[in-house]
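# Close look at the chain arrangement
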Amino acid sequence: AARLSGGENRLVSLPLSRIRVIMKSSPEVSSINQDALFLTAKATELFVQYLATYSYKHGRGKEKNALTYSDLSHTAEECETFQFLADILPKKILASKYLKMLEKEKRDGEVGDDDEEDEDEEDENE
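Computed from a prediction, not measured in an experiment: that's the story for all the values here.

Another point: the overall build of the chain. Secondary structure summary: the chain contains five helices and zero strands in total. In sequence order, the secondary structure elements of the chain are arranged as α-α-α-α-α. Going through the 126 residues of the chain one by one, you find that 18% of them count as buried. Summing over all exposed atoms, the chain offers an accessible surface of approximately 10200 Å²; the carbon and sulfur share of this is 52%.

Glancing now at a nonpolar patch on the surface. Taken together, the side chains of Ile93, Tyr98, Leu99, Met101 and Leu102 present a nonpolar region at the surface, about 470 Å² in accessible area. Given the relative accessible area of 42%, methionine 101 is considered partly exposed.

This model, assessed by the stated rule, comprises one salt bridge. Two residues, lysine 42 and glutamate 45, come together in a salt bridge whose shortest N-O distance is 3.9 Å. Of the two residues, lysine 42 and glutamate 45 both sit in helix 2 (residues 34–58), three residues apart, roughly one turn of that helix. Given the relative accessible area of 29%, lysine 42 is considered partly exposed. Residue glutamate 45 is classed as buried on the basis of its relative accessible area, which comes to 16%.

Examined against the element boundaries, threonine 75 turns out to sit in helix 4 (residues 69–78). Apart from the residues lying within four places of it in its own chain, the contact partners of threonine 75 are Leu51, Tyr54, Ser55 and Phe82.

Below, the discussion takes up the packing of helix 2 against helix 4. Running from N to C, helix 2 and helix 4 cross one another at 100°; their axes reach a closest spacing of 9 Å. As summarised for this structure, helix 2 and helix 4 are arranged roughly perpendicular, according to the angle between their axes. Together, Leu51, Tyr54 and Ser55 of helix 2 and Asp71, Leu72 and Thr75 of helix 4 make up the contact between the two elements. Of the residues assigned to the contact of helix 2 with helix 4, the class counts are three nonpolar, two polar and one charged.

Here we take up the packing of aromatic side chains. Tallied over the full model, the rule gives five aromatic pairs. Aromatic side chains phenylalanine 47 and phenylalanine 84 sit 6.1 Å apart centroid to centroid with 40° between the ring planes, which places their arrangement in the tilted category. Here phenylalanine 84 lies in the loop between helix 4 and helix 5 (95–125) and phenylalanine 47 lies in helix 2, a separation of 37 residues in the sequence. Pairing tyrosine 54 with phenylalanine 82 gives two aromatic rings, centres 5.7 Å apart and planes at 55°, and the pair type is tilted. Of this pair, tyrosine 54 sits in helix 2 while phenylalanine 82 sits in the loop between helix 4 and helix 5, and the two are 28 residues apart along the sequence.

What counts, and where the lines are drawn
- Residues numbered from 1 in each chain as written.
- Predicted model: local features only at pLDDT ≥ 70, side-chain atom pairs only at ≥ 80, totals over all residues.
- Heavy atoms only, no water.
- Helix = DSSP H or I, 4+ residues; strand = E, 2+ residues; numbered from the N terminus.
- Buried < 20%, exposed > 50% of the residue type's maximum accessible area, 1.4 Å probe, protein only.
- Areas by Shrake-Rupley, 256 points an atom, 1.4 Å probe, with all protein chains shown as cover.
- Patch = residues over 30% accessible without salt bridge, like charges linked within 9 Å, V, L, I, M, F, W, Y side chains within 5 Å.
- Salt bridge = Lys/Arg side-chain N within 4 Å of Asp/Glu carboxyl O.
- Contact = heavy atoms within 4.5 Å.
- Axes fitted to C-alpha atoms, helices over the stretch in contact; angles between N-to-C directions.
- Parallel < 35°, antiparallel > 145°, perpendicular 65-115°, else oblique.
- Nonpolar A, V, L, I, M, F, W, Y, C, P; charged D, E, K, R; others polar.
- Phe/Tyr/Trp six-rings, centres within 6.5 Å; stacked < 30°, edge-to-face > 60°.

Following this line, the structure appears as structure tokens:
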């Protein structure tokens, strides 16, 4: 593999210094080969391009001739290939809906906790 010269850095749009910082943040990584850095940057660019293209083609943004956050979040939720991004690209919801969801989970959790305590007491009695 050829060594990167100053001109080859232009083959990627992402800043290599930032990618190096991200890669070095992993405790398993002690040093980073320039070729590995370049290939990681290029692969990341291609992945982002694929995600954007897929989301645009399968989303509602195509009607508006724009790619929207909701297109990306819908892709992450619906497409098996991108489901690992569902936590990173959650669907937007109103704060009021989120608070209602939290209240419901809390109520359901309290009921579930009571049931578990009853089961524990029954186990102790036996």
